[in-house]
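# Results of the structural survey
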Amino acid sequence: MAETQSIARTFPVKPKLKSTSANSSTPTPESKYWKSFKTPKEIQTPQTLVSSINSIAFSPTSPHDFAATHSATVSIYSGKTLEPKTTISSAFRDTVTSASFRSDGRLIAAGDLSGAVQVLDLKTRVPLRRLRGHTRPVRVVRYPRVDKLHLFSGGDDSIVKYWDITTESKIYDLLGHKDYVRCGDASPVSDDMFVSGSYDHTVKVWDVRVMNSGSVMEFDHGRPVEDVIYLPSGGLVATAGGNSVKIWDILGGGKLLCTMESHNKTVTSICVGKIGKESGEEAQQYRILSVALDGYMKVFDYAKFKITHSMRFPNPLMSVGFSPDCSTRVIGASNGTLYIGRRKVKESESMELVDVGGFGQVEEPQRRVLRPSYYRYFLRGQSEKPSEWDYLIKKPKKIKVTEHDKLLKKFMHKEALLAALNGKNPANVVAVMEELVARKKLMRCVSNLETEELGLLLKFLQRYSTMPRFSRFLMGLTKKVVEMRAEDIKSSDELRGDIRNLKRDVEEEIRLQQTLLQIQGIVAPLLKIAGRR
């Protein structure tokens, strides 16, 4: 019993030089939440369409069907099964660039490269209105928050148009942009306000109640604006352009609040996603989802101004959408691939969603009463998580003591070194050597090694002395070993062979380092010149 307690207090030796791993950090609860969006097994993944996915739009009404625009087609997908529901292509003459659902989810408006804006009935797929007024391709079409009779559009003619759908006529030509209008969004708090972004680097806020047809506010993103969205409060706007996403305070006069530069290439699309947890610290918090040509999707917490999750995809990404009920995430790629992910929910949560959606009352299955004769009776409470104010007492972990640790504890230094050398882990060998250096016993152990044992040490030095992780320590040790045991090395053919191999590896490493220095001397001036530009 006493020996067991003393072993429990023993701390195994570990190498001081450790390689840091990118995956060493534990995943956060929010990272686990976003990773839970996976494609169900019943649908094919990924789904591939004809060409690049220009935009993705979700219906505001349950079950939140979504539309993907590609080539001269608008594909509608079911919000329940995630399968293709219908395809609208006969109404368009050219590539469809943008689509927007009406507030009741019955109509959809879409613009194409021919300069026309179509308003279509989703059930019959029949065009109800054709709005003509843009002289160049239409890039953005948006319905207001609740208003069913108006919409706005923008295109490559640098004009933002406000339409009356009932009369199929234009109400306003909103002038001010000097380059292509590529994006826009409707205000979540007012049907009369919307925002547009252009390749002239500017973002303009419009109010159709102002009769002079001028923007009520303008701010400069600094790069061609690829996408712009209102945040749920209606007082903040997020813009995407270049490799950055910026957040602006409209109520504060267009003040820049934050700049996120985590992408390596152009950010193509952004949207707002909500963490759909019912309780906890992250409940009902909003995030900005951004995708870029570098193939990454980033999740940005604009309340704390930090990136909370990142996900890599194999293709450049063009569009992103997130369902209002926080259950579906859709990403469109440049090669026509749709990455559809649905969040996994517990059985209890899915039953509650059925009740809320109006599909009838579902009786909760009756659980068996726990009795001492049941196995589950003795396991109750083991899966319960501690609450916020609970004091958690963790059971001390049992320390596994290796053979060389046991020998070090008994002060059998030579035997500990040999036990580590006979193992397959070089980190353990270096750790034992460092411990012997601290005890001032390493060189004495080397001097007491037999010929075969010395050969084992030389083979280890020949293999790992040029490794960058251990080279600083092992190169000095190698020099001292050769000087101390020179007579024994000369008298043994096997040891002389080990020294020749060691010399060859060291010379090869020196040549490699010299070549790398030459390459660095060539590249450094070029990088300096590129940095000036």
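Residues numbered from 1 in each chain as written. Predicted model: local features only at pLDDT ≥ 70, side-chain atom pairs only at ≥ 80, totals over all residues. Heavy atoms only, no water.

### Regarding helix 7 (residues 426–438)
As a reminder, the rule being used: Each helix is a run of H or I in the DSSP string that is no shorter than four residues. Each strand is a run of E no shorter than two, and both are numbered from the N terminus. Multiplying 1.5 Å by the residue count of a helix minus one yields the expected span of that helix. Buried residues are those whose accessible area, probed at 1.4 Å on protein chains only, stays under 20% of the maximum for their type, while exposed residues exceed 50% and partly exposed ones sit between those limits. Here a residue-residue contact requires only that any non-hydrogen atoms of the pair lie within 4.5 Å. Two N or O atoms form a polar contact when they lie within 3.5 Å of each other; inside protein one atom must be a possible hydrogen donor and the other a possible acceptor, and for residues adjacent in sequence the pair counts only when both atoms belong to side chains.
Counted at 1.5 Å a residue, the expected span for helix 7 with its 13 residues is 18 Å, and the 19 Å between its end C-alpha atoms agrees. Of the residues making up helix 7, those classed as buried are Pro 426, Ala 427, Val 429, Val 430, Ala 431, Val 432, Met 433, Glu 434 and Leu 436. Structurally, helix 7 contributes buried residues whose contacts are with helix 5 (403–409), helix 6 (413–422), helix 8 (442–447), helix 9 (451–464) and helix 10 (471–484). For helix 7, the N-terminal cap is Asn 425; the gap from its side-chain oxygen to the backbone nitrogen of Ala 427 is 3.1 Å. Positioned one or two residues after helix 7, Lys 440 has a phi angle of 60 degrees, which is positive.

### Regarding unusual backbone geometry
The step from Ser 62 to Pro 63 runs through a cis peptide bond, and the omega angle for that step is 10 degrees. Mapping Pro 63 onto the fold places it in the loop between strand 3 (55–58) and strand 4 (66–70). Even without being a glycine, Phe 411 presents a positive backbone phi close to 65 degrees. Tracing the chain through its elements places Phe 411 in the loop between helix 5 and helix 6.

### Here we look at the side chain of Asp 498
For Asp 498, the location among the structural elements is in helix 12 (residues 493–532). Discounting residues that sit within four places of it in the chain, Asp 498 has contacts with Gly 455, Leu 458 and Lys 459.

### Comments concerning the nonpolar core
Here is the rule: We call a set of buried Ala, Val, Leu, Ile, Met, Phe, Trp, Tyr and Cys residues a nonpolar core when their side-chain atoms join them within 4.5 Å.
Membership of the largest hydrophobic core comes to 30 residues, with the highest contact counts inside it found for Met 433, Leu 457, Phe 460, Leu 461, Leu 474 and Val 481. Secondary-structure elements contributing two or more residues to this core are helix 5, helix 6, helix 7, helix 8, helix 9 and helix 10. Once you skip the residues sitting within four places of it in the chain, Leu 474 turns out to touch Met 433, Phe 460, Leu 461, Tyr 464 and Ser 465. If you look at the next biggest cluster of nonpolar residues, it comprises 18 residues, including Ile 275, Leu 289, Val 299 and Cys 326.

### Notes on the sheet that holds strand 26 (residues 306–312)
Stated formally: Note on pairing: two strands pair once DSSP finds at least 2 bridges between them. Convention adopted: a line fitted to C-alpha atoms gives each axis, helices being fitted over their contacting stretch, and angles between N-to-C directions are expressed from 0 to 180 degrees.
Strand order in the open sheet formed by 4 strands is 23-24-25-26, and the pairing between neighbours is antiparallel. Edge positions in the open sheet fall to strand 23 (267–274) and strand 26, since each of these has one partner strand only. Strand-to-strand twist across the sheet, computed as the mean angle between neighbouring axes with direction ignored, equals 20 degrees. When strand 25 (residues 296–301) meets strand 26, the two strands line up antiparallel, connected through 6 bridges. Bridge pairing in strand 26 places Tyr 296 opposite Arg 312.

In short, shape yes, function no, at least from these values alone.
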